[in-house]
Protein chains: 2
Amino acid sequence: MTWAPVPFGSPFSMANLPFGVVRPRGSDDRASRVVVRIGDHVLDLAAAGIEPELTTRSTLNALMASERGDAIRARAADVLQGRERGDWLWPVADVEVLLPVAVGDYVDFYSSLDHATNLGRILRPNDEPLLPNWRQLPVGYHGRAGTVAASGTPVTRPDGLVAGPDGIGRLQPTAALDFELEVGFFVGGPRAARIAPDDADRHIFGAVLLNDWSARDIQSFEYQPLGPNVAKSFITSISPWVVTMDALRPFLVESPVQEPAPDPYLWMQRPWGLDLALQVDLNGHTLAATNFDRMYWTFAQQLAHTTVNGATTGAGDLFGSGTVSGPTPTERGSMIELTWRGANPIHLADGSTRSFLHDRDTVTMRGFFGEHAGARTDRVGFGDLTGTVIGSDLTHSSTGKDRDAALSS
Amino acid sequence: MTWAPVPFGSPFSMANLPFGVVRPRGSDDRASRVVVRIGDHVLDLAAAGIEPELTTRSTLNALMASERGDAIRARAADVLQGRERGDWLWPVADVEVLLPVAVGDYVDFYSSLDHATNLGRILRPNDEPLLPNWRQLPVGYHGRAGTVAASGTPVTRPDGLVAGPDGIGRLQPTAALDFELEVGFFVGGPRAARIAPDDADRHIFGAVLLNDWSARDIQSFEYQPLGPNVAKSFITSISPWVVTMDALRPFLVESPVQEPAPDPYLWMQRPWGLDLALQVDLNGHTLAATNFDRMYWTFAQQLAHTTVNGATTGAGDLFGSGTVSGPTPTERGSMIELTWRGANPIHLADGSTRSFLHDRDTVTMRGFFGEHAGARTDRVGFGDLTGTVIGSDLTHSSTGKDRDAALSS
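Treat the numbers as computed from the prediction; the structure is a model and nothing was measured.

Q: Tell me about the interface of chain A and chain B, and name the residues and values.
A: Contacts between the two partners involve 50 residues from chain A and, on the opposite side, 50 residues from chain B. A combined buried area of about 4800 Å² lies between chain A and chain B, and 53% of that area is made up of carbon and sulfur atoms. If you sort the residues of chain A by the area they bury against chain B, A:His142, A:Arg144 and A:Leu226 come out on top, with a joint share of 17%. On inspection of chain A and its partner chain B, the count reaches 2 salt bridges. The shortest N-O distance in the salt bridge between B:Arg144 and A:Asp317 comes to 3.3 Å. For the pair chain A and chain B, the interface holds 30 residue pairs in polar contact (both at pLDDT 80 or more). Mapped onto the side of chain A that touches chain B, the elements with two or more residues apiece are strand 7 (140-143), strand 10 (159-163), strand 11 (169-173), helix 6 (216-222) and helix 8 (299-307) of chain A. It is strand 7 of chain A that provides the largest number of residues to the side of chain A that touches chain B, a total of 4 residues. Its residues assigned to classes, the side of chain A that touches chain B shows 21 nonpolar, 19 polar and 10 charged.

Q: Could you give an account of the relation of the copies chain A and chain B, naming the residues involved and the relevant values?
A: Superposition of the two copies of the chain requires a rotation about an axis together with a shift along that axis. The transformation that overlays chain A on chain B combines an axial shift of 0.0 Å with a rotation of 180°, and the residual RMSD is 0.0 Å. In symmetry terms, the pair is related by a two-fold rotation axis. It is A:Gly227 whose C-alpha, among those of chain A, lies nearest the rotation axis, at 2.1 Å. Looking at the interface residues of chain A, 100% of them are also at the interface in chain B, so both copies use one shared face.

Q: Quick one: what's the story with the pairing of strand 20 (residues 276-282) of chain A, residue by residue and with numbers?
A: For a regular strand, side-chain orientation follows a simple rule: the groups alternate between the two sheet faces. Residues and elements named next belong to chain A. Along strand 20, 5 of the 7 residues are buried, which leaves the element largely enclosed by surrounding structure. Note: strand 20 against strand 25 (residues 362-369), 7 bridges, orientation antiparallel. The residue of strand 25 that forms the bridge with aspartate 281 is threonine 364. Bridge analysis of strand 20 against strand 21 (residues 285-291) gives 6 bridges, and the strand direction is antiparallel. The residue bridging leucine 278 from the neighbouring strand is threonine 290, located in strand 21. Between strand 20 and the antiparallel strand that follows it, strand 21, lie 2 residues; asparagine 283 among them carries a positive phi value of about 50°.

Q: I'd love a proper account of helix 3 (residues 69-81) of chain B, names of residues and values included.
A: Structural remark: α-helix, 3.6 residues per turn; residues separated by three or four positions point the same way. Residues and elements named next belong to chain B. With 13 residues, helix 3 extends 18 Å between its outermost C-alpha atoms, agreeing within 8% with the 18 Å of an ideal straight helix rising 1.5 Å per residue. Residues of helix 3 that are buried: Gly69, Ile72, Arg73, Ala76, Ala77, Val79 and Leu80. Taken down its axis, helix 3 places every buried residue within 160° of arc, on the same side.

Q: Before we move on, can you summarise the side chain of A:Arg332 with the specific residues and values?
A: Within the secondary structure, A:Arg332 sits in the loop between strand 22 (318-320) and helix 9 (335-338). Of the side chains with opposite charge, A:Glu337 comes closest to the buried, unpaired A:Arg332, at an N-O distance of 5.4 Å.

Q: For the sheet that holds strand 1 (residues 19-24) of chain B, give the residues involved together with the corresponding values.
A: What links the strands of a sheet is backbone hydrogen bonding, and the strands pair in either a parallel or an antiparallel sense. Residue and element names in this part refer to chain B. Read across the open sheet, the 5 strands follow the order 4-3-2-1-5; overall the sheet is antiparallel. Bordering the open sheet on either side are strand 4 (89-91) and strand 5 (95-98), each of which pairs with just one other strand. With strand direction ignored, the average angle separating the axes of adjacent strands in the sheet is 45°. Here 3 bridges tie strand 3 (residues 41-44) to strand 4, and the two strands are oriented antiparallel to one another. Bridging across to strand 4, leucine 43 finds its partner in leucine 89.

Q: Can you tell me about unusual backbone geometry, naming the residues and giving the values?
A: The phi angle of most residues is negative, glycine excepted, and most peptide bonds adopt the trans form. Here A:Glu259 and A:Pro260 are connected by a cis peptide whose omega angle stands at 0°. With respect to the helices and strands, A:Pro260 occurs in the loop between strand 18 (252-253) and strand 19 (273-274). The phi dihedral of A:Arg360 falls on the positive side, at around 75°, and the residue is not glycine. The exposure class assigned to A:Arg360 is exposed, which follows from its relative accessible area of 64%. Despite not being glycine, B:Glu51 has its phi angle at roughly 40°, a positive value. Along the polypeptide, B:Glu51 turns up in the loop between strand 3 and helix 1 (52-55).

Q: An account of the confidence of the model for chain A is requested, with residue identities and associated values reported.
A: All names here are of chain A. Counting all residues, the mean pLDDT for chain A is 94, and 95% of those residues have values of 70 or more. Across residues 396-400, where pLDDT falls below 50, the model places 15 contacts with residues more than four positions away in sequence or in other chains. This prediction of the complex comes with two scores: 0.95 for pTM and 0.94 for ipTM.

Q: Provide a residue-level description of the domain arrangement of chain A, including the pertinent values.
A: Residues and elements named next belong to chain A. What the domain assignment reports for chain A is domain 1 (19-97) and domain 2 (106-396). If you average the C-alpha positions of domain 1 and of domain 2, the two centres end up 29 Å apart. Each partner contributes to the interface: domain 1 provides 17 residues, whereas domain 2 provides 14 residues. Carbon and sulfur atoms make up 66% of the surface buried where domain 1 meets domain 2, a total of about 1200 Å² over both sides. Considering only the side of domain 1, the residues that lose the most area to domain 2 are Phe19, Met64 and Arg73, jointly responsible for 45% of the buried surface there. Summed over the shared surface of domain 1 and domain 2, the number is 0 salt bridges. Viewed at the interface, domain 2 and domain 1 are joined by 3 residue pairs in polar contact (both at pLDDT 80 or more). For the side of domain 1 that touches domain 2, the element with the highest residue contribution is helix 2 (residues 61-66), accounting for 4 residues. Here the residues of the side of domain 1 that touches domain 2 sort into 10 nonpolar, 3 polar and 4 charged.

Q: Help me get a handle on the environment of A:Val183, residues and values and all.
A: All names here are of chain A. Inspection of the secondary structure assignment puts valine 183 in strand 13 (residues 181-187). Since its relative accessible area comes to 0%, valine 183 is described here as buried. With 29 residues separating them in the primary sequence, valine 183 and aspartate 212 have C-alpha atoms 9.7 Å apart. When residues no more than four places from it in sequence are discounted, the contact partners of valine 183 are Ala207, Val208, Leu210, Leu276, Leu278, Phe292, Phe319, Gly320, Ser321 and Phe382.

Q: Can you lay out the packing of aromatic side chains for me, pointing to particular residues and giving the numbers?
A: Residue and element names in this part refer to chain A. Evaluated as defined, the whole model comprises 20 aromatic pairs over all chains. Through pairs of rings, three or more aromatic residues link up here, namely Phe185, Trp272, Phe292 and Phe299. Note that arginine 379 overlies the ring of phenylalanine 368, its terminal NZ or CZ placed 3.7 Å from the centroid.

About the thresholds
- Residues numbered from 1 in each chain as written.
- Chains lettered and ligands numbered in written order.
- Predicted model: local features only at pLDDT ≥ 70, side-chain atom pairs only at ≥ 80, totals over all residues.
- Heavy atoms only, no water.
- Contact = heavy atoms within 4.5 Å.
- Buried area = accessible area lost by both parts, 1.4 Å probe.
- Salt bridge = Lys/Arg side-chain N within 4 Å of Asp/Glu carboxyl O.
- Polar contact = N/O pair within 3.5 Å; in protein donor to acceptor, adjacent residues only side chain to side chain.
- Helix = DSSP H or I, 4+ residues; strand = E, 2+ residues; numbered from the N terminus.
- Nonpolar A, V, L, I, M, F, W, Y, C, P; charged D, E, K, R; others polar.
- Least-squares fit on C-alpha atoms with pLDDT ≥ 70 in both.
- Buried < 20%, exposed > 50% of the residue type's maximum accessible area, 1.4 Å probe, protein only.
- Pairing = 2+ DSSP bridges.
- Expected span 1.5 Å × (residues − 1).
- Arc of directions from axis to C-beta.
- Lys, Arg positive; Asp, Glu negative; His and termini not counted.
- Axes fitted to C-alpha atoms, helices over the stretch in contact; angles between N-to-C directions.
- pLDDT = per-residue confidence, 0-100.
- Domains from an automatic or database assignment.
- Phe/Tyr/Trp six-rings, centres within 6.5 Å; stacked < 30°, edge-to-face > 60°.
- Lys NZ or Arg CZ within 6 Å of the ring centre and 35° of its normal.

Below, the structure written as structure tokens:
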């Protein structure tokens, strides 16, 4: 038991204690501190005397590189359960919650069988939905690390070339702005290569929710032959509380059987799936809910694949799981799947419809570990990952709203 | 004139004065210093009293972000032309030359018309060689920043999945290891978005040679639909002397006319091509020589394209030009083009042949600005970018050498 107040149902119970970075509202970066979240408060680790050389920092990177994370989290737990109650807790409402990590390399994957199958059916309706390599390796690409942003950062509708009926691309705000419901995994420790899947817990520091915002019309024009670029590089949002490997370890479960078996460098003896219930809301209306336990490729395999060629990975690197979708229509983790690229627009409670996102729409993602086990008082989750769409700087007629107006007329 | 010795023909004349980072041999990272190269020596800027807060550093990043680069380089020139001769010059042979920049985001392009046409003909012989988007936008993808390494770093032959005749990928050392002759551009200054092409010189700090090492067999299995990943992420080599925008400004020339004209956000009023003679050698045998002035898309347009969607770029970000090839067979900047994917192996002077690179092969790239103007005493160039291939950790039979032995038997 802790003396800190923890509201019932909070994802930030004593079983969680995720790391983050905050500063007092209105202060500058020098006032930033590494904290642990508990309920609706944060514990100032440096003030509590816990490794100030690693916690008087504006990012988690030094702590992640140090391999001292478990020990620091254990000391935070001791403080929160101890007799002494110093002036170390701040209400989270009184601080700015910052991007917790200076992201190194960001690799985004495509590891949900249901998502990849849906996309294949939508984009290549006359072909096999999965390409021949999909069941043999975790397909992924490098994304833009410098535009990873914390929850709450506004999402400016991106401009890019969209092909007209004549095949000519013209610069315009995307009319097909989408979200992608994902989980992100941060690397810790020294740089390493050729990591075996079963060593993943020695190299993964912790997890966050991740929204891989995407512009589908820009993407379809640009992506051949080198993959997505400006269709996804404008922003990637993450939840600001990094749930550590120690906290998520109780929720590791078997991942789906892989048939055919992949090459031996991707074999796992230990369970690397995660029992993690995920949900995405649009303006407070739940669009989809699914569980991460169905992901075909695990983060352990993604780590092994990324380093099999001798490439190193190190503290601050980020892996995106790829969009998490399940087998039923209410488990789809992106608008393009939910509306089948606009063929079946979503009807919201306010009477409006959506093919893709409109300006002023707010997307909120949530994730709780172990919800299969029923309601818990020691919940472990990420808290909300939110983003609100704001208009493009270009004054141009082709927006998502106009498209839906055209569809409904 | 300078009192520092500058050998005739050196690319590091007073007209160049590129920045780099060195440390005395055998010392640790705390002894690293930002220097300017002159002839076969380096000038220790901090020892000469030039902005030690920016030059007593192990990377150029702070200097690049500061926008003080031009002023610091001008002060270095003053010192090298002044009456006072302190103990500020070290022979470059006495220092370790380090990776000069902690690379932020690395975006690699595909901007040579001849290279893209060659690749299209090789990989899709029955189709139009250029895809419909190629003349409308500078196609590019994000590469791995954490494996960018300085010239001289050994290149371990990467392992990855290579498809057999049955379509099944099996882990093996690449049998198709290739180089790509490129130029890299580093960003300086504060983070910025929506940069117009004609503002490129306010945001580009300087240039290096870049070798985008590639494993063609791994790439062909993995790259659909999200682009290359582990086929290119194992290492990217750069020359260690960053030639500043001020030094390369005299060599800016008109780039080729673009037909059809691209969207207006890519229009240029100023010349952003570069008169830069490039050459690539294999074990001392020149394989190809061309000029950067034929590149279809300029670095100014690559910068504009990367930021048109609102994405920011900042100090330490790196843009790769894409492989530089010219229209004739001796101007091809990669083995896959030079040997037409192994159909026409190269015969070296020692009697051996190459489809792709063998273990112990050394690739050397060189680049000199303004060679169209004839021999110069005030040469500006990059110096050598070299890398030697070493064997994979896997003991496996399928290497480039075996492949060529099979071809010649």
